[in-house]
Structures are given as C-alpha cells and as structure tokens.
Amino acid sequence: MMSFDGPAPALASRVEFDSPSKPRTEKKKKKRKKVRKSDPNLFTLDISKYCAPSADIHPNSKMVICSNCKAVMTSVSTLQDGNSWICDFCGTPNLDLQLEGFTKPKSDDITFLLKKPEVVAAKDKAGENHNVIFVIDISGSMGTTKEMNHIDANGRHTRTYVSRLDAVKKAAEFQIRQLKDESPNIKVGLVAFGSNVEMYGDCHSEMVEFKRDVLNDTNQLTRKAEDLKNLKPISKTFDKVIKTLNKLDVRGNTALGPGLWSALVMASSVKGSKVIICTDGCANNGIGTLPDDYADELEITACRDVYKGFGNYAKDNNITVSVISMEGTDCKLVHLGTVAQMTGGTVDIVNQANLNDQFGNILTSRTVAVDVMVYLCLHHSLYIRDRDNLAVQSSTKQDQLGNVTEGMDMVVEFGVKTVSNENEAPMDISEEDQQTGTLAAGMAEAPAAAGMTEAAEGKFDFDGPQKSTPVSAENVFVQNITGEEVSSSSSQQPSSNQPSKLPFQVQVKFTTRGGEEYLRAVTIIRECTDQRAKAEHEMDLDVVGAATSKTVSEMGLAGQYENAMFALKAKKNMSVRRKIQPQCDSLEFEVEALGNDTDDEYYMDDLSDLQGVLSEQRRVTKAQLAAAPTSKSESAYSHYVSDSVANVYYDRTNKAMQKFQKRKASKK
C-alpha cells in the first residue's frame, strides 16, 4: 500500500520562492510545535431522531449484552453453538448464555422496552404539562430605551422610544397568550431579578423575595423556591401572570445567578421543563457573580464551576435553559451560555424588535425525550477521541444528556489505537506557522476512518464522512491537535492486526413524554482501507464541514483559540489534499470525479468565516491579557471571549448540523 506521509509539495500550505536579486540570509531557527494532521475520522448523530422506538421492538428480557464492553447483540452478531457469543466489539467470549428459545435479532436497528409507564394523564402524553419559567432582568440598565417603529390602531407608522424591559414584557405577554390558547396545560412561572430576586411562581401565591443577605446561600434559596414548585396550568393563572408581568419595573443591579438558581428549582418539579433567561448585563450580585477582566485564575475558575454546577443540576432534572441577550450589551455570555450549552438550549443576542420571534423559537422547540443517555461502542482497535482526557484511548463512551430537543446532535471523533515506534522521527511545525495555524508539509498523520450520519426519510443509515471506513496501518502521529504529548520521545503507529471490516454501535436510552423507557441499539459494519487519499476523496464535505464548525466553536468557547486555529487550518488542508491527491498516477484505487466544486467552495468559505472569528478572538484576548496585572494561562482565556464572538460560537455549536443538512437536502 502507498504511503503519503513523506515530503510532498502538493501537501504544502504555502510555497516560498527565493528572490534572485537578493542574497538569502540565514534565519534564526524557530521553536517548533508538534501537531496531529487532520483526518476524516468522525461521525455525526442527530440524537433527536434516535429518541423514538424503531420498527423492531423487543421486551427487555430479549436483550443480550456483552459482559465486558456492554455492546448489545444485534443481527450482525454471530452465535456459536447456539449458546455462546464472541463479542464483535471487544472479542470477549460470552459463554453459556442459556439462550433456550432465544431468537437472534433480525435487524441491526432494534429497540427494547425497558419500562412501561405508570398511570399517566393524557396531557402528559401530549407533552403539554411541563413548566416554562421566564427569568427576567429588571436591573437598572433594562430601562435603557431605543427608538422603534410602531403601527397604531389606524395603521399609521409612528416612532416611539421603548425600554428593554418593556420590549421583554410585551414579547413575553404575547407568547404566554399563545401558550394559553394552544397549550393550556403548560404551567408558566415568573422570576425577576435586580438587586433582589423576586419569585412569583404562577402568581397565585404571595411573592417570595430574596434580599442581599441570602443571595449567596443556595440552601436558603432552594428551600424558598421549593415552596413555589407546584404550579397551576396557564389556563387557570393567565390573568394574574400577565398582571404581575406588566407591573415589573427596573431597579438595582444584577442578581442573575440567584435568579437562575431559583428558577431551576422551580422548574424541576416536571421533567422536560424550560427556563428562559432574558438579560442585558453581567451577574454582579450573589452566587455566580462574574469577576472583572483583571481577576486571577482562581476567581475565574470558581465562577466557571458555579455555572457548570447550574448546568449539571438542570441536566439532571431534565430542564432546558435558553439565554436571550440584547444587542450592544456585555453579559459575559461565555459563562452564562455554558448552562444553555450543557442542557441543549440556545444562546442568542437579539435586537429588541426581534424579541418576540426568539421567545417563539424557544417555546416551539419540542422536547422529544427526557433522561436521555447515549452509549457509544467501537471495535477494540479504535478509540474515541476525548479532548478533555487525551491520555485515555477508550473504545466506549457514555454521555448523560437529560432533555433532548428536535435537531440536537453530537459529533464523535475517533482514531486507531497505537503502539510505540521508536524508529519514527517526529514531525512538527514552526512557531511562525503557529501564528497563522498553517501546517507544515509532510506532517505525520493520524489514521483515517469513517463516519455515520442520519440518512433521509428518518432511516438510521450511517453514511457519514466517507463511504468506507478507512483505517490506516502506516500513518503515524506524535501529538494530537491540542499539542499535548502522547509519547515524549517517539511517534506511534496503529497495531498491525487490523480487520478488514469494523463494527460501530450507538445505544440511546430514553424516556418518552408518555413515560415509556426504551433502549435503542443501532449497529453497522464498515469496510476498512489503509489509503488516506481514498478516505479523503470519498468523505462527505457537508458532514465534515458541520462537524468542524461545531468542534472548533466549542474549542473557541473554551478559550483554546490557538488550538482551534490549528484544527481549522488542518481541516482546510484536508480539503485541498482531497482535490490534489487523486491527480497522482500511483493511487491504488479507481478515482471517480469529485462532486460539484461548489461543495468545496462552500466548505472552505464557511471555515474561512470561522477563521476570521478566531482571529478576532485572539486579537481581543491578547490585548486583555497584555493589560492584566498578572499573567494567566490558556485556561483563563475563555473569560475574555466577547459576547459577539461567543454568540457566533454558540450559534454554530447548536445549529451547524441543521445548516449543513438543509444544504444537503437542497442538492437532492
């Protein structure tokens, strides 16, 4: 098999020519940093499509699970002697299974009914009894006015000044009225925060006010909020909710953290509930107070942990949190948005005139399932890449997602498990290249492999980044994309005993809005190739582009803009190789014509747009750090992400796959 790891001008990201009129001068050797070259080892999953039973449903008693890796037996599994199963994923012998009367599943997409619901009211089955909690900022800055167009009762256009709070109240009232008319069993709660936190619940009980002395005490906040958890349907509370909403007035600073926590406790009484925060400023009172730009790393880390704690509580209680901020304000969305990102919610900066539309988008986003858990199981020769734990090469991964809304997706990157090879020389890039994210020619590559995505018509076909599952036995790497070493003195190679086909399994455990608990297991087999050029030639740019947009944005939100720049440039270079490599005469596979060049142009343009955002983030962050009295490490960089940049990242994180799927559908 051919190797393309050697020096090749076609792989260079730029070519320099010596000037004939000027003598060449020796340049100081620059510090070099090792970086893993990009590959198409990824797949994407639209989790919301898996949160429904497949056509092949079995009782829980018919489920056979590997004793080691927990893979589920499906039609692709092979029984030996009718009573033993050598696991297709980890190779563990599962002996003496006592399968008398057992029939092996006939499908690679099977569902098991784990638990039937207890008596459930009809309104639960329609998903119409959950809580919707509006958390409204009433701090002084919400009194800021803006000139807006207005149409009076006679149809005449006039211009009037409207405060931010009045715009929020008007939009919220419209949406609450819609809920009353269309979903009367939904329960609406109200929380306002300024200098204090005002908990109104469903506005049928006396308002509970939290003042400064308890705003840092989560225990007291929780006990008080517990008293207002039992909300009544909006059909019974509408008049009082609207009356209370319209009486809200601006005062004081921003106790956002205590307000959010109180709303989460209130919402936790019903799974599948939503919390909508509308604010225009930074939290500066009580728990979750955001440190200033010159805070030390301990303060920044402590603040980040508070919002992660909010997110974990919401996820554990199946609450979706969404954040709406106003144009031209600074809310440190990179911190507050963490809660939304962890719970499948959205983060948006909107113009006052568009508030109503954004409230509507959040409220119409349907929660398809609760208590959702995703378990990934790959062949034991593969591992799932984990940016948070780079030293671990595990073939399985479990994610607890909580609520899943329509269109919620995830990206999984994976590689081939490696063994040390002392004879390989490490490849690296120059410090100059680090500044632009440019990868050096001949950079050692990680193994290439395949992916899977949702197919059309709701069938769970895996046809992701490429049509086959490439697994390279010769491409090597020293360090991963974040620059952390896998081996301090040697590069690595995949182990030699690679099979020609590999299995992938996705298990999704979920509870429907009607209360049924299911586990759905989907397994596919993909062929392998050791030719990187073949893998890159056959990859689906729509899938790779969406996955790159999502993962790079997540890195940007974490403040890892340098590493994000490396990853982005590597993906762009991969697209360049995709077009250049098939021109080589020595390739050992038949090359078909690539798709329309507009696919590559769209992919490259989209990534170039994201590269511009990363560059702006780097510029602003370096300026902030230069002005800071103490030095900070990269772990603190996320604190300096501006709201405008954070909004772009959150939008790409939440909507990248939807955007590319729509484009893919338009080409059919």
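Residues numbered from 1 in each chain as written. Predicted model: local features only at pLDDT ≥ 70, side-chain atom pairs only at ≥ 80, totals over all residues. Heavy atoms only, no water.

1. A few points about the overall build of the protein chain
Per the secondary structure count, the protein chain includes 15 helices and 26 strands. Out of the 668 residues in the protein chain, the part that is buried amounts to 55%. For the protein chain, long-range pairs separated by at least 24 residues make up 79% of all intrachain contacts whose partners lie at least 6 apart in sequence. With an accessible surface of roughly 29200 Å², the protein chain has 47% of that area assigned to carbon and sulfur atoms. (Helix = DSSP H or I, 4+ residues; strand = E, 2+ residues; numbered from the N terminus. Buried < 20%, exposed > 50% of the residue type's maximum accessible area, 1.4 Å probe, protein only. Contact = heavy atoms within 4.5 Å. Areas by Shrake-Rupley, 256 points an atom, 1.4 Å probe, with all protein chains shown as cover.)

2. Quick word on the sheet that holds strand β2 (residues 42–46)
Spatially, three strands are ordered β2-β20-β18 in an open sheet, and the strand pairing comes out antiparallel. Across the chains shown, the open sheet's two edge strands, defined by having one partner strand only, are β2 and β18 (382–384). Each neighbouring strand pair of the sheet contributes to a mean axis angle of 30 degrees, computed without reference to strand direction. Bridge analysis of β18 against strand β20 (residues 409–416) gives three bridges, and the strand direction is antiparallel. Residue pairing across strands places Ile-384 opposite Phe-414, the latter belonging to β20. (Pairing = 2+ DSSP bridges. Axes fitted to C-alpha atoms, helices over the stretch in contact; angles between N-to-C directions.)

3. Topic: helix α8 (residues 333–343)
Within α8, nine of the eleven residues are buried, leaving the element largely enclosed by the surrounding structure. Buried residues of α8: Leu-333, Val-334, His-335, Leu-336, Gly-337, Thr-338, Val-339, Ala-340 and Thr-343, and no others. Just downstream of α8, Gly-344 is the residue with a positive phi angle, here 80 degrees.

4. Let's talk about the pairing of strand β26 (residues 517–529)
Most of β26 sits out of view: ten of its 13 residues are buried. Across eleven bridges, strand β25 (residues 501–511) lies against β26 in antiparallel orientation. Bridged to Lys-501 within β26 is Glu-527. Between β25 and β26, which pair antiparallel in sequence order, lie five residues; one of them, Gly-515, sits at a positive phi of approximately 100 degrees.

5. A look at helix α5 (residues 234–247)
In this model, α5 (14 residues) spans 18 Å end to end at C-alpha, consistent with the 20 Å of a helix rising 1.5 Å per residue. If you look at α5, its biggest bend is around 35 degrees, right at Lys-240. Among the structural elements, β8 (131–137), α3 (164–182), β11 (187–193) and β12 (197–201) are those in contact with the buried residues of α5. (Expected span 1.5 Å × (residues − 1). Bend = angle between axes of the 7 residues up to and from the residue.)

6. Quick word on the side chain of Ser-268
Tracing the chain through its elements places Ser-268 in the loop between α6 (256–267) and β14 (273–279). Given the relative accessible area of 14%, Ser-268 is considered buried. A polar side-chain atom of Ser-268 sits 2.7 Å from the main-chain carbonyl oxygen of Val-265. Side chain to side chain, Ser-268 and Tyr-313 meet in a polar contact 3.5 Å long. (Polar contact = N/O pair within 3.5 Å; in protein donor to acceptor, adjacent residues only side chain to side chain.)

7. Comments concerning the nonpolar core
Residues Ile-133, Met-199, Leu-260, Leu-264, Val-275, Tyr-307 and Val-321 are the most contacted members of the largest nonpolar core, which totals 67 residues. Ranked by residue count, the leading element in this core is α6, at eight residues. If near-sequence neighbours (up to four positions away) are discounted, Leu-260 is found in contact with Val-135, Val-275, Ile-277, Phe-310, Val-321, Leu-336 and Val-339. In this structure, Ile-176, Val-188, Ala-192 and Ile-242 belong to the second largest nonpolar core, which totals 33 residues. (Core = buried A, V, L, I, M, F, W, Y, C linked by side-chain atoms within 4.5 Å.)

8. A look at the side chain of Ser-48
Here Ser-48 shows up in helix α1 (residues 47–50). At 2.6 Å, the side chain of Ser-48 and the side chain of Asp-46 are in polar contact. Only 3.0 Å separates the side chain of Ser-48 from the backbone nitrogen of Gly-407, close enough to count as a polar contact. For Ser-48, the contacting residues outside a window of four places in its chain are Val-368, Val-404, Thr-405, Glu-406, Gly-407 and Met-408.

9. Side note on the sheet that holds β11
One open sheet holds the seven strands; their spatial order is β13-β12-β11-β8-β14-β15-β16, and the pairing between them is mixed. Edge positions in the open sheet fall to β13 (208–210) and β16 (347–350), since each of these has one partner strand only. Averaged over all neighbouring strand pairs, the angle between strand axes comes to 15 degrees, with direction disregarded. The strands touched by α8 are β14, β15 (319–326) and β16; relative to β15, the strand with the most contacts, the crossing angle is about 150 degrees.

10. Section: the environment of Lys-308
Relative to the helices and strands, Lys-308 resides in helix α7 (residues 297–316). Residues Lys-308 and Val-339 lie 31 residues apart in sequence; the distance between their C-alpha atoms is 6.5 Å. With residues up to four places along the chain from it excluded, the contact list for Lys-308 reads Thr-338 and Met-342.

11. Looking at the pattern of salt bridges
One pass over the full model with this rule turns up 15 salt bridges. Asp-166 is paired through a salt bridge with Lys-169; the nearest N and O atoms lie 3.6 Å apart. Pair noted here: Asp-166 and Lys-169 are both in helix α3, with a separation of three residues, about one helical turn. Asp-606 is the salt-bridge partner of Arg-652, the closest N and O atoms lying 3.1 Å from each other. With a gap of 46 residues between them, Arg-652 in helix α15 (residues 643–666) and Asp-606 in helix α14 (residues 597–627) connect regions that are remote in the sequence. (Salt bridge = Lys/Arg side-chain N within 4 Å of Asp/Glu carboxyl O.)

12. Describing a positive patch on the surface
There is a patch of like positive charges on the surface, built from Lys-232, Lys-236, Lys-240, Lys-243 and Lys-247. For Lys-236, the location among the structural elements is in helix α5. (Patch = residues over 30% accessible without salt bridge, like charges linked within 9 Å, V, L, I, M, F, W, Y side chains within 5 Å. Lys, Arg positive; Asp, Glu negative; His and termini not counted. Charge placed at Lys NZ, Arg CZ, Asp CG, Glu CD.)

13. Quick word on the packing of α6 against α7
Interhelical geometry of α6 versus α7 gives an angle of 10 degrees and a closest axis separation of 10 Å. Judged by the angle between their axes, α6 and α7 are roughly parallel. As for how α6 packs across α7, the hand of that crossing is left-handed. On α7, the residues touching Leu-256, Gly-257, Leu-260, Trp-261, Leu-264 and Val-265 of α6 are Tyr-307, Phe-310, Tyr-313 and Ala-314. Residues belonging to the contact of α6 with α7 are distributed by class as follows: nine nonpolar, one polar and no charged. (Parallel < 35°, antiparallel > 145°, perpendicular 65-115°, else oblique. Left-handed = near helix turned anticlockwise from the far one by under 90°. Nonpolar A, V, L, I, M, F, W, Y, C, P; charged D, E, K, R; others polar.)

14. As for the pairing of β16
By the bridge criterion, four bridges tie β15 to β16 in an arrangement that is parallel. Residue pairing for β16: Met-326 is matched across the bridge by Val-350. Handedness of the crossover joining β15 and β16 through α8: right-handed. (Right-handed = clockwise from strand over helix to strand, strands pointing away.)

15. Some details on the packing of aromatic side chains
Centre distance and the angle of the planes are the two values used to describe a pair of aromatic rings. By the definition in use, this model includes eight aromatic pairs. Members of the aromatic cluster, each reached through a chain of ring pairs, are Trp-261, Tyr-307, Phe-310 and Tyr-313. Taking NZ or CZ as reference, Lys-180 lies 5.1 Å from the ring centre of Phe-238, over its face. (Phe/Tyr/Trp six-rings, centres within 6.5 Å; stacked < 30°, edge-to-face > 60°. Lys NZ or Arg CZ within 6 Å of the ring centre and 35° of its normal.)

16. Examining the packing of α3 against helix α9 (residues 355–364)
Contact geometry for α3 and α9: axes closest at 9 Å, N-to-C directions at 40 degrees. It follows that α3 is oblique to α9 by the angle criterion. Both α3 and α9 take part in a crossing whose hand is right-handed. Across the interface between the two elements, Ala-167, Val-168, Ala-171, Ala-172, Phe-174, Gln-175 and Leu-179 of α3 pack against Leu-355, Asn-356, Phe-359, Gly-360 and Leu-363 of α9. Taken together, the residues of the contact of α3 with α9 sort by class into nine nonpolar, three polar and no charged.

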